[in-house]
Amino acid sequence: MADSDLALLARINKPDSQSLVGYLADGGYESFKKALSMSPNEVTDLVKNSGLRGRGGAGFPCGLKWTFLPKDHPGPIYMCVNADESEPGTFNNRILMEMDPHQLLGGIMLACRGTRATTAYIYLRYEYGRSFRTLEKAIAECYAQGLLGKNIQGTDFSLDIYVHRGAAAYICGEETGLIESLEGKRAWPRVKPPFPAIEGAFRKPTVVNNVETLCCVKHIFDRGISWFQSIGVPPDPNNPRDAGSYGPKLYQASGHVNRPGCWELPLGVTARELIEEQAGGVWKGRQAKAVIPGGLSTGFMTHAELDTPLDFNGPGKVGCLGLGTAAAVIIDDQTSMVDVLYNSCRFFAHESCGQCTPCREGTTWMTKILHRIRTGHGALRDLDLLKEVADSMGIMPGTTICGLADGAAWPVKNAMQKFRPEFEDYIQKKLTSQDPIRELVGTH
Amino acid sequence: MSSSSNNVVTDKMRQAIADYLPRYPSKQAVTLPALHIIQDEMRCVPQRAIEEVADMLELHPSQVHDTLSFYGFFRHEQTPLGQHRLWVCRSLSCMLRGGEQLLVELSKKLGIKPGETTPDGKVTLEFAECLGKCEGAPCVLMDDECHGDQTVDSVIALLENTASTLGQRSWAGGHHG
């Protein structure tokens, strides 16, 4: 996209991109002031009609989520901002918070107007210390300017925003794990229903939205629905369940590319376009062997699948879990998929919260099996075993409370389906891989 | 809020913790902020502090311990953190660009394994899962500031140049407005 077309990243390179003065000079908070004269239902309808889908991974329609709140609830209603960005390969929320904090606050204010929420908690992963300090400063500026607090701009609308820091646990990005953690408990995801809209934080109706999603809300109010729907991919007319892939999206690329980074692009660019046109191609003149389309849990695309559009439907059509966070990780043709899959399984074993046995044990056993293979002790039947374990864990087979297990299983399923010959070759030749970290930290 | 002379959580820490209470409809929600405040100051969360936090938040000590132990972030008094905590990312994007090797070499250079602290008490080395700076792989987290495109030499320089930030950490609690 040309610089003039940018919305989400339009301000990040400005010298005063973090300050309220700079934000106001760019017309910031005007749409919020306008929304104060709209009813909450009108605000919600606008977001619903825009077709905005959640950017955090699941792609659930944002406005629709807000309508699940009970009508005429006496309150309080809570807004939780999911800023626990921890999916391997994903870093766009960090850029948004560090470089343009008022854009996010503007989106939160609009969302709270629409949902009638009077307190918003930004659940921020601990590791984002710079985001923490930037947001705290921006929030203080808003209170000083009468944009937060009681009776904002002389209306009956009151709102407090607080930043709540996590403590380094991936599972806190699961929305009910986030709520449990916010409440001061271990971040064990809740059985649903009840969904947070009915019974969420502190047992009150709650909406949980991702940082990038809320930033999109701000621009939908600034620029309108027709602008939003002029970008991206409309619903598939042959698929009545498709809600479309409208709007701009922050795509990320990391791993074996020449220029890792984050770009605002229309939903629906292909993996090949992302790698070649944005990320400067695969490094060292090599080819991509595999590409993770949207964060580790979305699995692998092969070299032959690089023309897949990265919209909400594309990755699923080639067997990946979904668009996820649109965080592509590029793996070159000199890299062993056995090593990549081991890294993946080790991550999920480390981050499984331990509540559901299939996930706690399954992630650990998949890691152990891959360790066995990597030390030259694997057998071909181990590959069937890996697939069996992966197929038996997750929401989809109905054995776990949350989707962490599906995300842990997906790279294994994709690897067994798309890269099995490489694993067979590795086992039959009794190849091994060094694991110096394991020598240092054991099986953690 | 007064503290007896036997308390390990100081008046200053107690005030910082109490400042968080108006933000939440439950006292238990202040558990994580309280643990952060204590560990920032004390470099660990002693058992006695767990009991005192429980007392402040009207919880059973086991409830505070249950939360604390879930996160793997908070240190027992037998293994306190050094002045600085250095996390080295080992997740996929960093691993593809040398993150695991960086951790191994830093471990050799500092003479400690991940989880351990240098004998001079200056730095605790840790491995981390994805730190969210994948465009700068391999990356490290020094306390809570992330640094990308790191080598062994750049991390050692970072350690040498980082003045102690202890006591400068801000935990702005309280009710806004």
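Predicted model, so just to flag it, every value in this text is computed and none were measured.

Enquirer: Sorry, what's going on with the state of the cysteines here?
Expert: Among covalent bonds in proteins, the disulfide is the one between the sulfur atoms of two cysteines. Residue and element names in this part refer to chain B. On inspection of all chains with the given rule, the structure shows zero disulfides over all chains. With no disulfide of its own, Cys89 has Cys94 as its nearest cysteine by sulfur position, at a separation of 3.7 Å. According to the relative accessible area criterion, Cys89 is buried, its value standing at 2%. The thiol sulfur of Cys146 is not disulfide-bonded, and the nearest other cysteine sulfur, from Cys139, lies at 4.1 Å. Residue Cys146 is classed as buried on the basis of its relative accessible area, which comes to 13%.

Enquirer: Just to check I follow, could you spell out the interface of chain A and chain B for this structure?
Expert: Interface size, as often reported, equals the accessible area lost upon joining of the parts. Opposite the 70 residues of chain A that make contact, chain B presents 53 residues. Interface area, chain A with chain B, both sides summed: about 5100 Å², of which 58% is carbon and sulfur. The three residues of chain A that bury the most area against chain B are Tyr126, Tyr162 and Leu440 of chain A, which together make up 13% of that side's buried surface. Joining chain A to chain B, the criterion identifies seven salt bridges. The closest approach of N and O atoms between Asp66 of chain B and Arg186 of chain A, which form a salt bridge, is 2.7 Å. Counting every contact that joins chain A to chain B gives 25 residue pairs in polar contact (both at pLDDT 80 or more).

Enquirer: Quick question: what am I supposed to make of unusual backbone geometry here?
Expert: Negative phi values dominate among residues other than glycine, just as trans dominates among peptide bonds. All names here are of chain A. The step from Gly75 to Pro76 runs through a cis peptide bond, and the omega angle for that step is -5°. With respect to the element layout, Pro76 can be found in the loop between α4 (62-67) and β1 (78-83). Unusually for a residue other than glycine, Ala168 sits at a positive phi of about 65°. Mapped onto the fold, Ala168 is located in the loop between β3 (160-165) and α8 (175-182). Its relative accessible area of 26% is what places Ala168 among the partly exposed residues.

Enquirer: So what exactly am I meant to see when it comes to helix α4 (residues 61-71) of chain B here?
Expert: Along an α-helix, residues three or four apart share an orientation, since each turn contains 3.6 residues. Buried residues of α4 of chain B: Val64, Thr67, Leu68, Phe70 and Tyr71 of chain B, and no others. For α4 of chain B, the angular spread of buried residues about the axis comes to 160°, placing them on one side. Buried residues along α4 of chain B sit in contact with α8 of chain A together with α2 (31-42) and α3 (47-56) of chain B. Phi for Gly72 of chain B, located one or two positions after α4 of chain B, is positive at around 65°.

Enquirer: Teacher, can you tell me more about the packing of aromatic side chains here?
Expert: All told, the structure shown has 17 aromatic pairs over all chains when counted by the stated rule. Judged by centre distance (6.1 Å) and plane angle (10°), the ring pair of Phe73 of chain B and Trp87 of chain B falls under stacked. Linking Phe73 of chain B in the loop between α4 and β1 (84-89) with Trp87 of chain B in strand β1, this pair joins segments that are 14 residues apart in sequence. Trp87 of chain B shares its class with Phe73 of chain B; the two are buried. Chaining the aromatic ring pairs together yields one cluster made of Tyr78, Tyr121, Tyr162 and Phe202 of chain A together with Tyr24 of chain B. Above the plane of the ring of Trp227 of chain A lies Arg223 of chain A, whose end atom (NZ or CZ) is 5.1 Å from the centre.

Enquirer: Would you mind showing me how to read the pattern of salt bridges here?
Expert: Any two side chains of opposite charge can pair, so long as their charged atoms come close to each other. With the rule as written, the count across this model stands at 42 salt bridges over all chains. Of the charged contacts, one joins Arg203 of chain A and Glu199 of chain A as a salt bridge, the two residues approaching to 2.7 Å between their closest N and O atoms. You can call Arg203 of chain A partly exposed: its relative accessible area is 49%. In this structure, Lys387 of chain A engages Asp391 of chain A in a salt bridge whose closest nitrogen and oxygen atoms are separated by 2.6 Å. Of this pair, Lys387 of chain A and Asp391 of chain A are both found in helix α15 (residues 381-391), four residues apart, which corresponds to roughly one turn of the helix. Taking the relative accessible area as the measure of exposure, Lys387 of chain A reaches 39% and is therefore partly exposed. One network of salt bridges, with partners in common, ties together Arg130, Arg133 and Arg165 of chain A together with Asp144 and Glu145 of chain B.

Enquirer: Teacher, can you tell me more about the packing of α15 of chain A against helix α16 (residues 404-418) of chain A here?
Expert: Packed helices, taken two at a time, are described by the angle between their axes plus the distance between the axes. Residue and element names in this part refer to chain A. Between α15 and α16, whose axes approach to 9 Å, the crossing angle comes to 140°. Judged by the angle between their axes, α15 and α16 are oblique. Here α15 runs over α16; the crossing is left-handed. Facing Leu383, Leu386, Lys387, Ala390 and Asp391 of α15, the residues of α16 in contact are Ala409, Val412, Lys413 and Met416. Taken together, the residues of the contact of α15 with α16 sort by class into six nonpolar, no polar and three charged.

Enquirer: Honestly, the domain arrangement of chain A in this entry has me stumped. Any pointers?
Expert: Residues and elements named next belong to chain A. By domain assignment, chain A separates into domain 1 (3-230), domain 2 (245-332) and domain 3 (337-441). Spacing between the C-alpha centres of domain 2 and domain 3 amounts to 23 Å. For the domain 2 and domain 3 pair, buried surface summed over both sides reaches about 1200 Å², with 74% attributable to carbon and sulfur atoms. By the criterion of area lost to domain 3, the three top residues of domain 2 are Leu296, Phe300 and Leu321, representing 48% of everything that side buries. Remark: the boundary between domain 2 and domain 3 carries two salt bridges. When the shortest N-O distance is used, the salt bridge between Glu422 and Lys289 registers 2.9 Å.

The rules behind the values
- Residues numbered from 1 in each chain as written.
- Chains lettered and ligands numbered in written order.
- Predicted model: local features only at pLDDT ≥ 70, side-chain atom pairs only at ≥ 80, totals over all residues.
- Heavy atoms only, no water.
- Disulfide = S-S within 2.5 Å.
- Buried < 20%, exposed > 50% of the residue type's maximum accessible area, 1.4 Å probe, protein only.
- Contact = heavy atoms within 4.5 Å.
- Buried area = accessible area lost by both parts, 1.4 Å probe.
- Salt bridge = Lys/Arg side-chain N within 4 Å of Asp/Glu carboxyl O.
- Polar contact = N/O pair within 3.5 Å; in protein donor to acceptor, adjacent residues only side chain to side chain.
- Helix = DSSP H or I, 4+ residues; strand = E, 2+ residues; numbered from the N terminus.
- Arc of directions from axis to C-beta.
- Phe/Tyr/Trp six-rings, centres within 6.5 Å; stacked < 30°, edge-to-face > 60°.
- Lys NZ or Arg CZ within 6 Å of the ring centre and 35° of its normal.
- Axes fitted to C-alpha atoms, helices over the stretch in contact; angles between N-to-C directions.
- Parallel < 35°, antiparallel > 145°, perpendicular 65-115°, else oblique.
- Left-handed = near helix turned anticlockwise from the far one by under 90°.
- Nonpolar A, V, L, I, M, F, W, Y, C, P; charged D, E, K, R; others polar.
- Domains from an automatic or database assignment.

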